[in-house]
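Residue-level structure breakdown
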Amino acid sequence: MIELTLLSRTYCHLCEDMLNALAQHPRQGEFRVQVVAVDADPGLEDRYGILVPVLLHKDEEICHYHLDLPRFDAFLSGS
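Residues numbered from 1 in each chain as written. Predicted model: local features only at pLDDT ≥ 70, side-chain atom pairs only at ≥ 80, totals over all residues. Heavy atoms only, no water.

Comments concerning unusual backbone geometry
Filter applied, for reference: Secondary structure is summarised from DSSP: a helix means a run of H or I of at least four residues, a strand means a run of E of at least two, and numbering begins at the N terminus for each.
The omega torsion across V52 and P53 is 0°, close enough to zero to call that bond cis. Assignment of secondary structure puts P53 in the loop between α2 (42-48) and β3 (54-57).

Right, dumping it as structure tokens:
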């Protein structure tokens, strides 16, 4: 199981959109997403604040703002 992190904010429609897109992904059984509130961590806020939502695998940024399907699929294929 691939562990992903979604940096998110409360009341962020883009964050909700990305989480919903991940939940509907055909390969969603291969990964698990942990949602982390970016505003709760000053270091994350400083680094990713304007890019939220951000999808990460460990420290590797996969995409931000929207789920980049080609990039995400390539990531899954390479994992």
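Brief notes about the state of the cysteines
Test applied: Our working definition of a disulfide is a cysteine sulfur pair at a distance within 2.5 Å.
Per the counting criterion, the structure on display carries one disulfide. Unpaired in this structure, C63 has its nearest cysteine sulfur neighbour in C15, at a distance of 12 Å.

Quick word on the pairing of β3
Stated precisely, the cut-off is as follows: In this scheme, a residue with accessible area under 20% of its type's maximum is buried, one over 50% is exposed, and one in between is partly exposed, where area comes from a 1.4 Å probe on protein chains only. In short, DSSP must find at least two bridges between two strands for them to pair.
Side chains V54 and L56 project from β3 onto one buried face, and the interleaved L55 and H57 project onto a second face that is buried too. Where strand β1 (residues 2-8) lies against β3, three bridges are found, and the strand directions are antiparallel. Residue pairing for β3: L7 is matched across the bridge by V54. Counting the residues in the hairpin turn of β3 and strand β4 (residues 60-64) gives two residues, including K58, whose phi is positive at 55°.

A look at the pattern of salt bridges
Going by this rule: One side-chain nitrogen of Lys or Arg within 4 Å of one carboxyl oxygen of Asp or Glu is enough to make a salt bridge.
Within this structure, the stated rule accounts for four salt bridges. A salt bridge links E3 to R32, with the shortest nitrogen-to-oxygen separation between them at 2.9 Å. Here E3 is found in strand β1, whereas its partner R32 is found in strand β2 (residues 31-37), with 29 residues between them in sequence. Across the pair E30 and R27 runs a salt bridge, and its minimum N-O distance is 2.8 Å. Assessed through its relative accessible area of 35%, E30 is described here as partly exposed. Note on R27: relative accessible area 25%, which makes it partly exposed.

Describing helix α3 (residues 69-78)
The criterion, for reference: Starting at the helix axis, one direction is taken to each C-beta atom, and the arc is that of these directions. Any two residues whose heavy atoms approach within 4.5 Å are treated as being in contact.
Every buried residue of α3 is listed here: F72, F75 and L76. The buried residues of α3 occupy one face: seen down the axis, they fall within an arc of 95°. Facing away from the buried surface of α3 by more than 90 degrees, the exposed residues are P70, S77 and G78. The inward-facing, buried residues of α3 contact β1, α1 (13-23), β2, β3 and β4.

Some words on α1
For the α-helix, the turn length of 3.6 residues means that residues three or four positions removed from each other point alike. Of all the residues in α1, the buried ones are L14, C15, M18 and L22. The buried side chains of α1 occupy one side of the element, clustering within an arc of 105° when seen end-on. Among the exposed residues of α1, those oriented more than 90 degrees off its buried face are H13 and A23.

Everything listed is a geometric property; what it means functionally is a separate question.
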